[in-house]
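Summary of the model geometry
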Amino acid sequence: MASKTYKVIGTPFSTFTRTVTLGLHYKGVPFEQVACLPHSDIARHSHPYGYLPTLIIEGTASGDEIKLCESQTIARYIDRIAQGPSLHLDVSAHPEVFSERVWEIASLVGSFGFHAIEVGVVKPYLKALEEGVAESDIIHNNTKEVEAIVEFLRIVEERSIGTSKFLFGDHPTWADFYLYPPLADLQALPFWEQAVSGSRFVTWMGEMGQLDAVKQTRSGTLAEQHGNIIVQGSTERNLLTSLLAMVGCCLSVAETLQGRCSQAANIGLGDKI
Ligand SMILES: N[C@@H](CCC(=O)N[C@@H](CS)C(=O)NCC(=O)O)C(=O)O
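Residues numbered from 1 in each chain as written. Predicted model: local features only at pLDDT ≥ 70, side-chain atom pairs only at ≥ 80, totals over all residues.

As annotated in an unreviewed UniProt entry, the chain carries the name GST N-terminal domain-containing protein and is attributed to Coprinellus micaceus.

1. Examining the overall build of the chain
The secondary structure content of the chain amounts to 12 helices and 4 strands. For the chain, the residues scored as buried account for 34% of the 273 residues in total. At a minimum sequence separation of 6, the contacts of the chain that also span at least 24 residues come to 71%. (Helix = DSSP H or I, 4+ residues; strand = E, 2+ residues; numbered from the N terminus. Buried ≥ 20, exposed ≤ 12 C-beta atoms within 10 Å, placed from the backbone. Contact = placed C-beta atoms within 7 Å.)

2. Here's the deal with the pairing of strand E3 (residues 54–58)
In this sheet, E3 lies alongside strand E1 (residues 5–9) in antiparallel orientation, the contact comprising 5 bridges. Across the sheet, residue lysine 7 finds its bridge partner in E3, namely isoleucine 56. The pairing of E3 with strand E4 (residues 66–69) spans 4 bridges and is classified as antiparallel. Bridging from a neighbouring strand, isoleucine 57 pairs with isoleucine 66 of E4. (Pairing = 2+ DSSP bridges.)

3. A word on the sheet that holds E1
Pairing is mixed across the open sheet formed by 4 strands, whose spatial order is E2-E1-E3-E4. Since the sheet does not close on itself, it has two edges, and those belong to strand E2 (32–34) and E4, each with one partner. The mean inter-strand angle of the sheet, taken between neighbouring strand axes irrespective of direction, is 25°. Across the sheet, helix H3 (residues 71–81) lies against E3 and E4, angled at about 120° from E4, the strand it touches most. (Axes fitted to C-alpha atoms, helices over the stretch in contact; angles between N-to-C directions.)

4. Notes on the pairing of E1
Examined bridge by bridge, E1 and E2 share 3 bridges and lie parallel to one another. Bridge pairing links isoleucine 9 to valine 34 in E2.

5. Notes on the nonpolar core
Grouped together as the largest cluster of nonpolar side chains are 62 residues, with contacts concentrated most on Ile105, Val121 and Ala175. Looking at this core, the element that brings in the most residues is helix H4 (residues 101–130), giving 12 residues. Each of domain 1 (5–81) and domain 2 (88–273) accounts for three or more of the residues forming this core. Among all residues touching alanine 175, those that are not within four sequence positions of it are Val102, Ile105, Ala106, Ser160, Leu167 and Phe168. (Core = buried A, V, L, I, M, F, W, Y, C linked by C-beta atoms within 7 Å. Domains from an automatic or database assignment.)

6. Some words on the packing of H4 against helix H7 (residues 174–187)
It is the contact of H4 with H7, at a shortest axis distance of 8 Å, that shows an interaxial angle of 10°. As far as their axial angle goes, H7 and H4 are roughly parallel. Of H7, the residues touching H4 (which contributes Val102, Ile105, Ala106, Val109, Gly110, Gly113, Phe114, Ile117, Glu118, Val121 and Val122) are Trp174, Ala175, Tyr178, Leu179, Pro182, Asp185 and Leu186. Residues that form the contact of H4 with H7 fall into these classes: 14 nonpolar, 2 polar and 2 charged. (Parallel < 35°, antiparallel > 145°, perpendicular 65-115°, else oblique. Nonpolar A, V, L, I, M, F, W, Y, C, P; charged D, E, K, R; others polar.)

7. Remarks on unusual backbone geometry
For residues besides glycine, phi is generally negative; the peptide bonds are generally trans as well. Cis geometry is found at the peptide bond from leucine 52 to proline 53, where omega equals 0°. With respect to the helices, strands and loops of the structure, proline 53 is situated in the loop between helix H2 (41–46) and E3. The peptide bond linking glycine 84 to proline 85 adopts the cis configuration, its omega dihedral lying at -10°. Assignment of secondary structure puts proline 85 in the loop between H3 and H4.

8. Side note on helix H6 (residues 143–159)
Given a rise of 1.5 Å per residue, 17 residues ought to cover 24 Å, and the 25 Å separating the end C-alpha atoms of H6 matches this to within 8%. Here H6 has its buried residues at Val146, Ile149, Phe152, Leu153 and Val156. Viewed along the axis of H6, the buried residues span an arc of 115°, placing them on a single side of the element. Pointing more than 90 degrees away from the buried face of H6 are the exposed residues Thr143, Lys144, Glu151, Arg154 and Glu158. Those residues of H6 hidden inside the fold are in contact with H4, H7, helix H8 (192–196) and helix H9 (201–209). (Expected span 1.5 Å × (residues − 1). Arc of directions from axis to C-beta.)

9. Notes on the confidence of the model for the chain
For the chain, the average pLDDT comes to 88, and 88% of its residues sit at 70 or higher. A low-confidence stretch, residues 230–234 (pLDDT under 50), is modelled with 1 contact involving residues beyond four sequence positions or located in other chains. Counting contacts from residues 260–273, a segment whose pLDDT is below 50, to residues more than four positions away or on other chains yields 5 contacts. (pLDDT = per-residue confidence, 0-100.)

10. Looking at the packing of helix H1 (residues 15–26) against H3
At a minimum axis separation of 10 Å, H1 and H3 run at an interaxial angle of 5°. As the angle between them shows, H1 and H3 are arranged roughly parallel. Contacts between H1 and H3 involve Phe16, Thr19, Val20, Gly23 and Leu24 from the former and Ser71, Ile74, Ala75 and Ile78 from the latter. Split by residue class, the contact of H1 with H3 holds 6 nonpolar, 3 polar and no charged.

In structure tokens:
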């Protein structure tokens with residue numbers, strides 16, 4: 001019987017896609033990555049709502065191609081096919097901590113952190129830069145949004161093991177792999193110090209940066225591309241436009257929901273949706 005092969009559908013720019021590729025690299029599972037945008041033909045063909053990522057499994061016993069979507073589903077599958085190295089809490093080292101905390105953080109990142117960082121700060125920053133607003137003004141105008149990130153990180157900090165190298169001990173867990181991609185985007189922007197100063201995330205980011213899986217998934221991310229904006233000068237505007245298009249694609253529904261919630265809040269429906 002042929003062995004299974006794996007294809008990840010999603011641009012490296014997508015933070016949820018990076019969570020999955022971090023897990024695959026960390027566990028040494030070979031895969032091919034198809035770097036497409038959300039709602040592109042291939043994304044729509046792979047995911048019922050055209051989102052990223054999807055994992056396509058070929059070479060199954062039935063000969064059928066299996067498409068798994070939703071990053072937490074894919075994470076469970078990766079754990080099943082490659083049990084080690086573990087991306088879970090070591091309960092023998094930390095019997096006092098509920099192991100479900102790892103998934104609590106993963107879910108909080110998906111539901112709140114992604115929104116606070118990507119919709120709240122990354123996209124407005126790139127948009128303002130593209131419109132020619134001075135960076136000092138952008139920083140000044142985003143104080144409230146950065147405060148929301150500080151609050152989110154405080155929530156993560158209080159639910160993780162404060163004294164450990166990674167969020168839940170001396171090896172990374174899925175919680176670290178969910179939090180890292182949006183924080184790596186933030187680290188590329190001038191809000192980073194304000195957002196993390198005095199928190200565990202300053203050293204945590206350094207520890208994460210040493211992981212081979214992190215190095216292997218950097219290409220094509222905002223952190224890498226943003227470096228090009230700074231050094232390339234004349235191509236800056238084009239690059240910004242394409243980065244903005246990429247972030248915009250990755251956030252279209254999140255933004256619509258945000259708009260709907262704030263309209264509802266204006267007419268007093270905030271607590272009903
Ligand atoms: N719950 C999904 C969320 C995936 C997600 O939001 N992906 C972004 C790219 S990072 C996307 O496809 N966004 C499309 C949109 O917002 O329309 C998961 O965990 O896989």
